[in-house]
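Here's the letter readout for the chains.
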Amino acid sequence: MDNGFITFTIGKQKNIALIAHDGKKRELIEWCAENQDILRNHFLCGTGTTARLIAEKTGLPVKGYNSGPLGGDQQIGAKIVEGVINFIIFFSDPLEAQPHDPDVKALLRIAQVYDIPIANNKATADFMIRSPLMNQEYEHKVINFKQKIIDRVNDSQLIK
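Residues numbered from 1 in each chain as written. Predicted model: local features only at pLDDT ≥ 70, side-chain atom pairs only at ≥ 80, totals over all residues. Heavy atoms only, no water.

Novice: Which residues make up the overall build of the protein, and what are the values?
Specialist: Within the protein, the regular secondary structure consists of 7 helices and 7 strands. Traced from its N-terminal end to its C-terminal end, the protein shows the element sequence β-β-α-α-β-α-β-α-β-α-β-α-β-α. Taken over the C-alpha atoms alone, the protein extends approximately 60 × 35 × 25 Å along its principal axes. Buried residues in the protein amount to 41% of all 160 residues. Approximately 9,500 Å² of the protein is accessible, and the part contributed by carbon and sulfur atoms is 52%. Distance from the positive charge centre (19 side chains) to the negative charge centre (19 side chains) of the protein: 3 Å. (Helix = DSSP H or I, 4+ residues; strand = E, 2+ residues; numbered from the N terminus. Buried < 20%, exposed > 50% of the residue type's maximum accessible area, 1.4 Å probe, protein only. Areas by Shrake-Rupley, 256 points an atom, 1.4 Å probe, with all protein chains shown as cover. Lys, Arg positive; Asp, Glu negative; His and termini not counted. Charge placed at Lys NZ, Arg CZ, Asp CG, Glu CD.)

Novice: Residue-level account of the nonpolar core, with values.
Specialist: Among the nonpolar cores identified, the biggest contains 22 residues, and Ile 16, Leu 18, Leu 28, Trp 31, Cys 32, Leu 39 and Ile 89 are the most heavily contacted of them. For this core, the secondary-structure elements that each account for two or more residues are β2 (15–20), α1 (25–34), α3 (48–58), β5 (87–91) and α6 (122–129). Here the element with the most residues in this core is α1; it accounts for 4 residues. Tyr 65, Leu 107, Ile 110 and Ile 116 belong to the second-largest nonpolar core, a separate cluster that totals 16 residues. (Core = buried A, V, L, I, M, F, W, Y, C linked by side-chain atoms within 4.5 Å.)

Novice: So what's going on with α3? Which residues, and what values?
Specialist: By the burial criterion, the buried members of α3 are Gly 48, Thr 50, Ala 51, Leu 53, Ile 54 and Thr 58. Of the surrounding secondary structure, the elements contacted by the buried residues of α3 are β2, α1, α2 (36–39), β3 (43–47) and β4 (63–65). A positive phi of about 80 degrees marks Gly 59, the residue just after α3. (Contact = heavy atoms within 4.5 Å.)

Novice: Requested: an account of the pattern of salt bridges, with residues and values cited.
Specialist: If you walk through the whole model with that rule in mind, you get 8 salt bridges. Lys 25 serves as the salt-bridge partner of Asp 22, at 3.4 Å between the closest nitrogen and oxygen. Notably, a salt bridge pairs Asp 126 with Lys 122, separated by 3.1 Å at the nearest N-O pair. With Asp 126 and Lys 122 both in helix α6, this residue pair falls 4 residues apart, about one helical turn. (Salt bridge = Lys/Arg side-chain N within 4 Å of Asp/Glu carboxyl O.)

Novice: Kindly report on the pairing of β5, identifying the contributing residues and their values.
Specialist: Burial analysis of β5 places 5 of its 5 residues in the buried class, which makes it a mostly covered element. Covered by surrounding structure in β5 are Phe 87, Ile 89 and Phe 91 together with Ile 88 and Phe 90, the residues of both alternating faces. Examined bridge by bridge, β2 and β5 share 5 bridges and lie parallel to one another. Directly across from Ile 16, in β5, lies its bridge partner Phe 87. Pairing of β5 with strand β6 (residues 118–119), which is carried by 2 bridges, proceeds in the parallel orientation. (Pairing = 2+ DSSP bridges.)

So, to be careful, I would describe these as geometric facts and stop short of saying anything about function.
Structure (structure tokens):
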């Protein structure tokens, strides 16, 4: 048995975080409207204004966290670590500097660490949401961080 990894299951109902920079909010809202038949089968959340606008414009229920610059990206990152969020649609704007760029990078990093599917543009989001995996459970392996810490402690004791 390999203690280096733990198998996580992304359920049939995905917990999807919806995030968009200001210059991409309209595009994400339109994408959500076009895909509401699929999205309504999943739990949706998002950062501040994005969550509120999607809910208002599409009628989809979206749990709102803080605005990105006010900690919303970090809240979503924490929910990834807790195993609550397992799918991200993040329409980022590559042509505009973002005042909270370090928070965005931290969110994307933690999503990668936990092997979370991430779409950062419409084409990727289209491919992901139309994948057969959207309608079934998906098992993926993630580094066993608790075991990694135990191994580090044990290794450091050998050095002394």
